[in-house]
Each structure stands twice: as C-alpha cells, then as structure tokens.
Amino acid sequence: MININEVIETNLMIEKENLDVRTITVGISLLDCAADTVDEVCRKIKEKIIRVAGNLAETAENISMEFGIPIVNKRISITPISIVGASSCRTPQDYVKIALALDEAAEKVGVNFLGGYSAIVSKGMTESDRLLIESIPEALARTGRICSSVNVGSTKTGINMDAVRLMGEIVKKTAEATKEHDSLGCAKLVVLCNAPDDNPFMAGAFHGVTETDAIINVGVSGPGVVKYALESVRGASFEVLCETIKKTAFKITRVGQLVAQEASRRLGIPFGIIDLSLAPTPAIGDSVADILQEIGVEKAGAPGTTAALAMLNDQVKKGGVMASSYVGGLSGAFIPVSEDQGMIEAAECGALTIEKLEAMTCVCSVGLDMIAIPGDTPASTISGIIADEAAIGMVNQKTTAVRIIPVSGKTVGDNVEFGGLLGHAPVMPVNRFGCSDFISREGRIPAPIHSFKN
Amino acid sequence: MNRSIITVVGKDTVGIIARVCTYLAGKDINILDITQTIVQGYFNMMMIVDTGNIADDFHEFTADLEKLGQSIGVQIKCQREEIFEKMHRI
C-alpha cells in the first residue's frame, strides 16, 4: 500500500517543483474532409473537430481535478492541411479561409493551440504545398490559435533547398505581418527536419498520415522536478547523477501514462504515445538551463554544456521508455530561449550564443527554438540557419527544427515580450556574413549515405 | 472499492482528524488507513479512504474537503490513489 512519504513526494513535485502534464493533444485525421470547394472543406473540418474533440477540455479538467495533477494545455493536431486542401484550394487565400475555419473550431472546443497548418515537403513541393506555404504569413496574422510547420528534409530524402529558400522568406513575411505584436506569428511557425508524426507539442504538432483516425498523445514535462532531484546529489559521480535523472524521468512519465490512458478511456479515442520532454516555462524553477547549471556548468552555454545536455537528454529517454510502452514524439530536453528563464539570463549575460545553441541542438530533442534575432536579418541568412539545422537532423537521424523570430523593428540589445508560456527574450546577434549564393542554388541536398558510419 | 488518498497539511491544531472524520462519516465513507508525520515542522496526515460510493460526486467531495480545510486553517486535498501507485510502483 502507498505510504505517506510517497504521497508527500508526489505532491511536493506537483506543488513546489512544477510537475505537470503539459498537454493532452488529440490528433485528428482530416483526410475525409477533402472536398471540391473550399467552403465544403471548411464545413467538414469544423464538424469533425467539434465532433471528435468537443469533450476534450471538460474531460481534461475532470482528470486534472481527480488526480490532483495540473493539465496545462488542451490541444489538437490535424492532418497537414496542404493535403486536405489540395483538392479545392487554388490560391493562398483559399488556404487562409481554412485557417480561419480551424481557428473557429479550436475556439469552440476550448483548445489553446491547433497544430497542423502544415506541409511535408522533404523531397518535393506540390502546387498545393506551395500555396499553403505562401498563405502562412496571412494565416498566422489573422488567427490566434493556429500553429504552422513545414518539414523541409529528412534522413531518407535529403533536404529540399527550394523549400528552405522559400521558408526564409516566409519567416520574414510572417514577422512583418505580425509586427504589431513583436512578430508573434513566427513563434507559431516552425521549420522541421525529420518531423515526427505523433508530436503533441506545438508549434510542430501535426497528425501524420501514418496515424489512425483519432488518437490521444500526451506531453509530460517537469524540468523543475529533475532540478530539485539533482540538488540532492551535488558533487556525486556521473553514475549517481544518471541514475537520479532516470528515476525522476520514470516517475514523471508514469503520471503522463496514467493521464493518457484515462483520457483515452473517457473520450473513447485510442492512446497513441507519451512524449516525455523536459519543456521549460518562464516560471522560476521550471528551467532546463537550471538543470544544466545544477549538473555543473556555470551558465547554459559555457564549455561542457553540450556534453551535459547530451547526458541529460539520454537519461530522460532511458527513464521514460521504461515507464511507458509507447514513448514517441520528440521525447528529451527542449532548449527554447524565450520560454526558459535560465536560458534568457544566459543569453543576456553573453554565455549563450546562437552558435552554441546550434551545437546543443545536435544532442537535444529538437532545435533552435524561440530565438529572437534582429528584424533586418536577410531572408537568405534565415534560410542558411534553417539549412544548417536540417543538415544536423538529416545526418544524425534526429528531429531538428528552427523557430526563430526576426523581430520587426528591433535589434540586438532590445527585448521582446511574447507573453504567457512563450515568454520574453533578448534579441540575439546573428553572424553578419551572408550565404545568399548558397541559398539561391536550386534543387535539393541529396540524402546522406547510410553505411560507413564512423 | 475505489481508493482515494486524502492529505492534510498545515499547522497542527486540536481536532483536525476529528473534523475530517466527522465529515467522512456523514458521507458514509470508510477510512482504510491513517498515517501522520511531521515534515519541516508541518503536520502531514494521509488517509486512505474508499470513495467507491461517491464516484459520481467526486468533484463536490474534493471541493467540500478543500472548504473544510480552509475553515480549520490547513490544506486538504483528495486525489485518486492511482497517481501515487503509478508513480511509485513498477
């Protein structure tokens, strides 16, 4: 039987160490919503989302109350819209209409974000993919809850450099279209390589075509819990350190597994995966940078940071896979800048640079995330950053992503306020040397060789 | 049987257990186990109770306990047992 110390430990994690279920994300296939006219597509989409996820918010509230665990976000991921809209959309404005319909449906079911305004163009771009990508700036400017992602490469296909070039321009246009709000649109737009089909976290969530009709994916978090656990093993060996992280990750994941199964049962939707990601928030004590400091680097970004992060990421996965049979999504440690108070401080004091963040993305679970850069950064430079990240993902067979915000009208030294979970960030300097000749080349970078690995 | 865990945390005072037990008896809820300890100077009590007969009114039950806690000056929470089982048992 459960003893009082175990009860106290669990409740301490929840109340003092920010343990929470970060998101219950319902993945919904919209493949059956394709139609001849845009209006018909919009009608079918709204009907299906409301039918499948209508009880999501209430169910999540009930589970949260009964188990005493906060469930921070209720979200939806959908089939990449470039596929659903292919039969009816003839202009970017047609896609914007769908974005507005999705936004309306998201509001109606009470979710804060809906992901899947997406295109998968890792090898080539259809006309429909291109139209969707061109519609992104306006779609993100005119909606509040829609998240967009574009997958530009994979280990199997190589990198679609035409899409990389286009996305550099789209990121700039999105920043411009949302300049009244510190270019907030870019915080809801991510460019990926090796994007997973079942990721519950925004902005990169979408419901892949390999998935069933509807599925429950749950993202658990808990950087604070790991940080507090590591405080008790200061100065201990790596063996003890790793063991502590694994045990903590196990406990966190088990909570996610429980919530996922309960949500699945109550909503009558099959359980997909648990994504165990240390996802920081701007709240004090809920920081991945703080964990790195606790491991022993003076500030995130100092020498040793990449090794510490590699170890952290791996131990989190090892603890997580023991706790659930279906661990998926991104699972690992996120290193966003604006959403992590420790990262913000490290960037402000000069410990953390974009180049160091790039090195860290080789071993973390995602990529360059929530980084504010000067508004006058050329589109080709943004494409260059995207290409670098995609190359890291492609060669290392991992997901990488770029979510950077070239903040209109702001430059290095300024601060940007996104609000809520998106946080705030200092504008970070970008290498001032260009790469436009590289980016203007057409075609794609071939897939890497899969043998002779040394 | 549908087991839940009630936790009471706060400054120790006369009659905490009595008042919680009186409320539970009024709701016809059986107490299976009671443990208490002092952590960092605070009174911590855990009760394992059978909430099988109030499954539909669980929300009201937890809200009542919270209010009762406020009136005594302690924090009272009620959570279903599975969250602790899952986290601490393989």
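Above this text sits the structure in question.
Positions within a chain are numbered from 1, following the residues in the order the chain's sequence is written. Lettering of chains starts at A and numbering of ligands starts at 1, both following the order in which they are written. With the structure being a predicted model, the display of local features is reserved for residues of pLDDT at least 70 and the display and counting of side-chain atom pairs for 80 or more, all residues being used for whole-chain, interface and lining totals.

## Quick word on the overall build of chain A
Looking only at helices and strands, one finds 15 helices and 14 strands in chain A. Within these notes, the globule rule equals 2.2 Å times the number of residues to the 0.38 power, and the radius of gyration is based on C-alpha atoms. Its C-alpha radius of gyration of 21 Å places chain A within 12% of the 22 Å reference for a compact globule of 454 residues. Residues are called buried when their C-beta atom has 20 or more other C-beta atoms within 10 Å, exposed when it has 12 or fewer, and partly exposed otherwise; all C-beta atoms are positioned from the backbone. Relative to its full complement of 454 residues, chain A shows a buried share of 61%. Once C-beta atoms have been placed from the backbone, residue pairs whose C-beta atoms lie within 7 Å are recorded as contacts. Across chain A, every contact between residues at least 6 apart in sequence was considered, and the portion connecting residues at least 24 apart equals 80%. Secondary structure counts use DSSP, requiring at least four H or I residues in a row for a helix and at least two E residues in a row for a strand, with both numbered from the N terminus.

## Thoughts on the overall build of chain B
Tallying secondary structure elements over chain B gives three helices and four strands in all. Reading the secondary structure of chain B in the N-to-C direction produces β-α-β-β-α-β-α. With the C-alpha coordinates aligned to their principal axes, the bounding extent of chain B is approximately 35 × 30 × 20 Å. The proportion of buried residues among the 90 residues of chain B is 32%. Of the contacts formed within chain B by residues at least 6 apart in sequence, a portion of 64% connects residues at least 24 apart.

## Some remarks on the pairing of strand β3 (residues 113-120) of chain A
Residue and element names in this part refer to chain A. Taken across its eight residues, β3 has eight buried, putting it largely inside the fold. Bridge analysis of strand β2 (residues 71-78) against β3 gives three bridges, and the strand direction is parallel. Bridged to isoleucine 76 within β3 is leucine 114. Where β3 meets strand β4 (residues 146-154), six bridges bridge the pair, whose relative direction is parallel. Paired with isoleucine 120 across the two strands is asparagine 151, which belongs to β4. We call a crossover right-handed when, viewed with the strands running away from us, the connection from the first strand over the helix to the second turns clockwise. Tracing the backbone out of β3, into helix α6 (residues 127-142) and back to the parallel element β4 gives a crossover that is right-handed. Here the rule is simple: two strands pair whenever DSSP picks up at least two bridges between them.

## Quick word on the packing of helix α10 (residues 288-295) of chain A against helix α11 (residues 305-323) of chain A
All names here are of chain A. For every element, the axis is a line fit to its C-alpha atoms; helices are fit only across the contacting stretch, and the angle between N-to-C directions ranges from 0 to 180 degrees. The geometry of α10 relative to α11 is characterised by a closest axis approach of 10 Å and an angle of 105 degrees between their N-to-C directions. Our classification of the angle between α10 and α11 gives roughly perpendicular. Across the interface between the two elements, Ile291, Leu292 and Ile295 from α10 touch Thr305, Ala308, Leu309 and Leu312 from α11. When an angle is under 35 degrees it counts as roughly parallel; over 145 it counts as roughly antiparallel; between 65 and 115 it counts as roughly perpendicular; any other value is oblique.

## Description of α11(A)
Residue and element names in this part refer to chain A. By this rule the span expected of a helix is its residue count minus one, scaled by 1.5 Å. Its 19 residues place the ends of α11 27 Å apart at the C-alpha level, agreeing with the 27 Å of an ideal helix rising 1.5 Å per residue. Taken as a whole, α11 has its buried residues at Thr305, Ala308, Leu309, Leu312, Asn313, Gln315, Val316, Gly319, Gly320 and Ala323. Next to the buried residues of α11 lie α9 (238-267), β8 (271-278), α10, β9 (332-333) and α13 (354-361).

## Thoughts on the sheet that holds strand β1 (residues 3-10) of chain B
Residue and element names in this part refer to chain B. Ordered in space as β2-β3-β1-β4, the four strands form an open sheet in which the pairing is antiparallel. Of all strands in the sheet, those with a lone pairing partner are β2 (30-39) and β4 (74-80), marking the two edges. Here the strands of the sheet are splayed against their neighbours by 15 degrees on average, with no regard to which way each runs. Direction of pairing for β1 relative to β4: antiparallel, over a ladder of seven bridges. When the sheet's bridge partners are listed, isoleucine 5 is paired in β4 with glutamine 79. Relative to the sheet, helix α2 (residues 58-72) contacts β1 and β4, its axis offset from that of β4 by approximately 160 degrees.

## Observations regarding the environment of Val412(A)
Relative to the helices and strands, Val412(A) resides in the loop between β11 (400-407) and β12 (415-417). Discounting chain neighbours no more than four positions away, the residues touching Val412(A) are Pro374(A), Val427(A) and Pro429(A).

## A closer look at the nonpolar core
We define a nonpolar core as a collection of buried residues of the types Ala, Val, Leu, Ile, Met, Phe, Trp, Tyr and Cys that are connected via C-beta atoms lying within 7 Å of each other. In this structure, Val152(A) and Val259(A) are the most contacted members of the largest nonpolar core, which totals 178 residues. Looking at this core element by element, the count peaks at 11 residues for α9(A).

## Observations concerning the packing of helix α7 (residues 161-177) of chain A against helix α14 (residues 379-396) of chain A
Residue and element names in this part refer to chain A. Their axes nearest at 8 Å, the elements α7 and α14 cross at an angle of 130 degrees. In terms of orientation, α7 lies oblique with respect to α14. Between α7 and α14 lies a crossing of right-handed hand. For the pair α7 and α14, contact is made by Met161, Val164, Arg165, Met167, Gly168, Glu169, Val171 and Lys172 and by Ala379, Ser380, Ile382, Ser383, Ile386, Ala387 and Ala390, respectively. Only Asp, Glu, Lys and Arg are considered charged, only Ala, Val, Leu, Ile, Met, Phe, Trp, Tyr, Cys and Pro nonpolar, and every remaining residue, Gly among them, polar. Looking at the contact of α7 with α14, its residues break down into nine nonpolar, three polar and three charged. Should the near helix be turned counterclockwise from the far one by less than a right angle, the crossing is left-handed, whereas a clockwise turn marks it as right-handed.

## Describing the interface of chain A and chain B
With 18 residues of chain A at the interface, the matching set in chain B holds 23 residues. Broken down by secondary-structure element, the contributors of at least two residues to the side of chain A that touches chain B are α1 (4-15), α3 (56-67) and α9 of chain A. Sort the elements by how many residues they give to the side of chain A that touches chain B and α1(A) lands first, with six residues.

## With respect to the environment of Met1(A)
Within the secondary structure, Met1(A) sits in the segment before α1. Take Met1(A): there are 11 C-beta atoms within 10 Å of it, and that puts it in the exposed class. Every residue in contact with Met1(A), bar those within four places of it in the chain, is listed here: Asp33(B) and Ile48(B).

## Describing helix α5 (residues 92-109) of chain A
Over its 18 residues, α5(A) runs 26 Å from end to end, which matches the ideal 26 Å to within 8%, given 1.5 Å per residue. Directly beyond the C-terminal end of α5(A), a positive phi value near 80 degrees is found at Gly110(A).

## Notes on the pairing of strand β1 (residues 21-28) of chain A
All names here are of chain A. Within β1, eight of the eight residues are buried, which leaves it mostly tucked inside the rest of the structure. Looking at chain direction, β1 and strand β7 (residues 214-220) are connected through seven bridges and run antiparallel. When the bridges of β7 are listed, glycine 27 appears paired with isoleucine 215. Here β1 runs beside β2; their pairing, made up of seven bridges, is parallel.

## Considerations on unusual backbone geometry
Residues and elements named next belong to chain A. Residue methionine 202 is joined to alanine 203 through a cis peptide bond whose omega torsion reads 5 degrees. Structurally, alanine 203 can be placed in the loop between β6 (189-193) and β7. Unlike most non-glycine residues, asparagine 18 shows phi in positive territory, near 60 degrees. On the basis of neighbour count, asparagine 18 is assigned to the buried category, with 23 C-beta atoms found within 10 Å.

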